[in-house]
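# A structural walkthrough
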Amino acid sequence: MRKKKLRRNEEDKRFEIEILKGEIKGLHKYQPRYIFLTETSSIPSGFAIKEAWKNAYPDEEVPKFYRIDPKYIRDCINGCTKSQKKKIENFFKKRIKKRDAPIFIYDEHSLSGESPRIILNLLKNPEQYGFSSDIKCNNVKMVRYHFARMPDKDIIPEIEGLGEIYPGIRLTEKSSNPYEREIVGKQVKRRDLIENCPSGKREVLKSIDYSPSKLIKLYIATGREAGKELRAELESERQNKNSLEQKISVIGSIVGLGAGLFFLSDNITGNVLGNLTKTNSNFIGIGLLIIGLIAGHFYFRKKK
């Protein structure tokens, strides 16, 4: 018997893709080198965002994506052993090779901003929490949270999380016991994936025998579609911009050459315009000719 395919409402799918395109454009303006995804809700978004970036900007380097549990960081800040602090310091040192590079903390849908901000604060002011200055990074931003007060220099306003990506379940899990918690969560097995998903979608997942790996493919497919659409839109905008520039160049060239010849011809025939002397008229004519030639040069260069 063939397995049923997981289908989404087209309206929901279109909404997800449009939101994802907006997130990618906002991220691209900031040009982050490292993106830290907060466990666990942001992990599915990470697969979609990474794939969308690759398809929207195929000639550019894709940021490095890492997972991190903000609760583990918060617990250590509130009090932990030297070995735990060393563990966190080594975690960041291993991943952040250039401390002056842009870093972004991504949270799926933050209300208060507490989760991403605890990581941001640690990276920007490690000494304040008893950590080594070796992990200090100044160029760190975070996702916009629901109750954000503007302006907030630590956030990127265009990015506020994707919300719940269908089917709205967790691909990783973290221990509820603070003494067993790790910096990153553990990948869930199919059994845990089913049990931890929203009750309304539990039976759907059971019926199609979905696994974490299959869901990852779904998120990647969503990102790929959004990235390709965004690339096409950016290419269309670029072509429209070039077309407008060419029209302006043509108009500038015609006006410049025509007006320049007009001023020069008056001097050749001995006629002088108004109070202009022949010298002034020559200067104006030559200047307009130069402008016309430059505009023509840009037009033909764009045509190549």
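Residues numbered from 1 in each chain as written. Predicted model: local features only at pLDDT ≥ 70, side-chain atom pairs only at ≥ 80, totals over all residues. Heavy atoms only, no water.

## Things to note about the packing of helix α3 (residues 70-78) against helix α5 (residues 114-124)
Viewed as axis vectors pointing N to C, α3 and α5 meet at an angle of 55°, and their least axial separation amounts to 9 Å. Of the possible angle classes, the one that applies to α3 and α5 is oblique. Relative to α5, α3 is oriented so that their crossing is left-handed. Mapping the contact onto sequence places Pro70, Ile73, Arg74 and Ile77 in α3 and Glu114, Ser115, Ile118, Ile119 and Leu122 in α5. (Axes fitted to C-alpha atoms, helices over the stretch in contact; angles between N-to-C directions. Helix = DSSP H or I, 4+ residues; strand = E, 2+ residues; numbered from the N terminus. Parallel < 35°, antiparallel > 145°, perpendicular 65-115°, else oblique. Left-handed = near helix turned anticlockwise from the far one by under 90°. Contact = heavy atoms within 4.5 Å.)

## Quick word on a positive patch on the surface
Taken together, Arg33, Lys50, Lys64 and Lys98 make up a surface patch of like positive charges. The residue lysine 64 is located in strand β2 (residues 64-68) in this model. On the basis of relative accessible area, lysine 64 is assigned to the partly exposed category, the value being 42%. (Patch = residues over 30% accessible without salt bridge, like charges linked within 9 Å, V, L, I, M, F, W, Y side chains within 5 Å. Areas by Shrake-Rupley, 256 points an atom, 1.4 Å probe, with all protein chains shown as cover. Salt bridge = Lys/Arg side-chain N within 4 Å of Asp/Glu carboxyl O. Lys, Arg positive; Asp, Glu negative; His and termini not counted. Charge placed at Lys NZ, Arg CZ, Asp CG, Glu CD. Buried < 20%, exposed > 50% of the residue type's maximum accessible area, 1.4 Å probe, protein only.)

## Remarks on the packing of aromatic side chains
Counted by the stated rule, this structure contains 7 aromatic pairs. Ring centres of phenylalanine 36 and phenylalanine 91 lie 6.4 Å apart, and the angle between their planes is 50°; this geometry places the pair in the tilted category. Note that phenylalanine 36 is positioned in strand β1 (residues 34-38) and phenylalanine 91 in helix α4 (residues 82-95), a separation of 55 residues in sequence. Looking at phenylalanine 36, the relative accessible area reads 0%, which means it is buried. A ring pair is formed by phenylalanine 36 and phenylalanine 92, whose centres lie 5.7 Å apart and whose planes are at 65°; its orientation type is edge-to-face. You can see phenylalanine 36 sitting in strand β1 and its partner phenylalanine 92 sitting in helix α4, a full 56 residues away along the chain. For the pair phenylalanine 36 and phenylalanine 92, a shared accessibility class is recorded, and that class is buried. Counting every residue linked through ring pairs, the aromatic cluster contains Phe36, Tyr66, Phe91 and Phe92. (Phe/Tyr/Trp six-rings, centres within 6.5 Å; stacked < 30°, edge-to-face > 60°.)

## So, the nonpolar core
By size, the foremost hydrophobic cluster in this structure holds 27 residues, and its most contacted members are Phe36, Ile88, Phe92, Ile103 and Ile105. Sorting the residues of this core by element identifies β1, α3, α4, β3 (103-106), α5 and β4 (140-143) as the ones contributing at least two each. Residues contacting isoleucine 88, with those up to four places away along its chain left out, are Tyr72, Ile73, Cys76, Leu122, Phe131 and Ile183. Formed by 22 residues, the second largest nonpolar core is a distinct cluster that contains Ile35, Ala48, Phe65 and Ala226. (Core = buried A, V, L, I, M, F, W, Y, C linked by side-chain atoms within 4.5 Å.)

## Some thoughts on the sheet that holds strand β5 (residues 155-156)
Note on sheets: strands pair through backbone hydrogen bonds, and any given pair is parallel or antiparallel. Here 5 strands make up an open sheet; going across it, the order is β2-β1-β3-β4-β5 and the pairing parallel. Unpaired on one side and paired on the other, β2 and β5 mark the two borders of the sheet. Pairing analysis gives 2 bridges linking β4 to β5, with the strands arranged parallel. Each residue of the ladder has a partner; that of methionine 142, found in β5, is isoleucine 155. Packing against the sheet, α5 makes contact with β1, β2, β3, β4 and β5, and its axis sits at approximately 180° to β4. (Pairing = 2+ DSSP bridges.)

## Quick look at the packing of α3 against α4
Two quantities define a packed helix pair, namely the angle between the helix axes and the distance between the axes. Axis separation between α3 and α4 bottoms out at 10 Å; the angle between their running directions is 135°. When the axes of α3 and α4 are compared, the pair comes out oblique. Relative to α4, the crossing made by α3 is left-handed. Contacts from Tyr72, Ile73 and Cys76 of α3 reach α4 at Gln84, Lys87 and Ile88. Here the contact of α3 with α4 is built from residues that sort into 4 nonpolar, 1 polar and 1 charged. (Nonpolar A, V, L, I, M, F, W, Y, C, P; charged D, E, K, R; others polar.)

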